[in-house]
Amino acid sequence: EIPFGPVCKVPFNPNCSMILNVSQFCYPGRENFIHLCNPHLEKMKEDILYHFALGTGTHDFPALFGDVKFVCVGGSPSRMKAFITYIAEELGLGSPGCDYPNICAGTDRYAMYKVGPVLSVSHGMGIPSISIMLHELIKLLYHAKCSNITIIRIGTSGGIGLEPGSVVITRQSVDATFKPQFEQVILGKTVIRSTNLDEQLAKELMQCSKEINQFNTVIGNTMCTLDFYEGQGRLDGAICLYNEEEKLQYLKEAYDSGVRNIEMESSVFAAMCNLSGVKAAVVCVTLLNRLEGDQISSSHDVLVEYQQRPQKLVGYFIKKSLGKV
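The rules behind the values
- Residues numbered from 1 in each chain as written.
- Predicted model: local features only at pLDDT ≥ 70, side-chain atom pairs only at ≥ 80, totals over all residues.
- Heavy atoms only, no water.
- Helix = DSSP H or I, 4+ residues; strand = E, 2+ residues; numbered from the N terminus.
- Rg over C-alpha atoms; globule rule 2.2 N^0.38 Å.
- Contact = heavy atoms within 4.5 Å.
- Areas by Shrake-Rupley, 256 points an atom, 1.4 Å probe, with all protein chains shown as cover.
- Lys, Arg positive; Asp, Glu negative; His and termini not counted.
- Charge placed at Lys NZ, Arg CZ, Asp CG, Glu CD.
- Core = buried A, V, L, I, M, F, W, Y, C linked by side-chain atoms within 4.5 Å.
- Buried < 20%, exposed > 50% of the residue type's maximum accessible area, 1.4 Å probe, protein only.
- Pairing = 2+ DSSP bridges.
- pLDDT = per-residue confidence, 0-100.
- UniProt positions renumbered as here; feature names shortened; annotations may be inferred.
- 1 Å grid on protein atoms, 1.4 Å probe; cavity = no way out; pocket = protein on both sides within 12 Å on 5 of 7 lines; lining within 4 Å.
- Points joined across faces, edges and corners; volume = space filled by probe spheres on them.
- Nonpolar A, V, L, I, M, F, W, Y, C, P; charged D, E, K, R; others polar.

(A) Structural view of the overall build of the chain. Each helix and strand in the chain was counted, giving 7 helices and 12 strands. Relative to the 2.2 N^0.38 estimate, which gives 20 Å for 325 residues, the radius of gyration of the chain is 20 Å and therefore close to what a compact globule would have. Based on the C-alpha atoms only, the size of the chain along its principal axes is roughly 60 × 50 × 40 Å. Considering only contacts in the chain between residues 6 or more positions apart, those separated by 24 or more positions represent 76%. Accessible surface for the chain amounts to roughly 15300 Å². Of this, 51% is attributable to carbon and sulfur atoms. In the chain, the 29 positive side-chain charges and the 33 negative ones have mean positions that sit 6 Å from each other.

(B) Summary view of the nonpolar core. Within the largest apolar cluster, 42 residues are counted, with the highest numbers of intra-cluster contacts made by F52, V71, L137, L140, L141 and F269. Elements represented by at least two residues in this core include exactly α1 (61-65), β3 (70-74), β5 (118-122), α3 (127-143), α6 (266-275) and β12 (279-289). Residue contributions to this core peak at 9 residues, all from α3. Among residues more than four places away in sequence, those in contact with L141 are I34, V68, V71, C146, I149 and I151.

(C) Structural view of the pairing of β5. Among the 5 residues that make up β5, 5 are buried, leaving the element largely enclosed by the rest of the structure. Judged from the 5 bridges that link them, β3 and β5 form a sheet pairing that is parallel. Within β5, the position partnered with F70 by the bridge is V118. Of the pairings in the sheet, the one linking strand β4 (residues 112-115) to β5 comprises 4 bridges and is antiparallel in character. The partner of V115 across the bridge, within β5, is V118. What sits between β4 and β5 in their antiparallel hairpin is a turn of 2 residues, with G116 showing a positive phi close to 55°.

(D) Focus on the confidence of the model for the chain. Averaged over every residue, the pLDDT of the chain is 91; residues scoring 70 or more account for 91%. Low pLDDT (under 50) marks residues 1-29, which in the prediction has 53 contacts with non-local residues, meaning those over four places away or in another chain.

(E) Representation of the UniProt feature "binding site: phosphate" (unreviewed entry) in the chain in the model. UniProt feature "binding site: phosphate" (unreviewed entry): in the numbering of this structure it lies at R109, R153, I154, G155 and T156. Within the annotated group, the residues that form the lining of the second largest pocket are R153, I154, G155 and T156. Tracing the backbone shows R109 in the loop between α2 (77-90) and β4. Of the residues examined, R109 reaches a relative accessible area of 56% and is grouped as exposed. Checked against the element boundaries, R153 lands in strand β6 (residues 150-159).

(F) Just empty space enclosed by the protein, in detail. Within this structure, the stated rule accounts for 1 cavity of 30 Å³ or more. Volume-wise, the largest cavity comes out at about 30 Å³. Lining the largest cavity are N32, F33, I34, N148, I149, G277, V278 and K279. Considered class by class, the residues forming the lining of the largest cavity number 4 nonpolar, 3 polar and 1 charged.

In structure tokens:
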């Protein structure tokens, strides 16, 4: 008998060469459940998701989340609430002016909203913040016995060689040296993990953008950095020990390597989704062209409209997936 959500029992490998390809743990012809690469969880009587203010001893995860098929994550709590309001209207599951409660109201770390098969979760800013959220989100989906999940990060970014307002669907997340990898130190050892994203999902999202035909969309690599200022080659931070020529040379090298935008979460997002056997994508709008400047100068109204573009694209994708287009 095949258990739901198998726990990965592959021995620890500092380079993770044994567990980069989660397909080896999939069951052909079966539903695709969440894979937890942590055998220690089997020994726990209760799992407390501290930063969500949820726990298996206090909440019925299958009843609350068992029907989830799409998870959308983004940095801002208000943006993710706006998304759940938007998708509820698009799917015909909400009414004008309807309010959606924050499932994680018991904490101020993250916000979570749900309507029908869609879960919307904030992740804060940067790799550490989204990493914590993903650990607990993946366990939540596992405990809820969810299957065939699609997780999409929607957000904003700095573009390279693109007009502001362009949407980038990420092919690979690369580090600041343009390598498609996520590097983390675990128990004093450097672990390298793959940051490839689902190619078929990226193509499906691109087709959706063509059908919408409202804004420019490209598939390209996304550079994930550890910092908004020096890490992204800006000249306007509190510290900057390089000149404009060096900055432009670096950004042009990034462009030549296939990078089309820069943000701060995609690498760990891709790595963790890969290890958990989850189909994932990153869809970010560009707020400026970094080859032309460092500061965001568009008006508030323009920026609000830009930020709605990933929501529109992903919302259309969900509707199409559910046969509502």
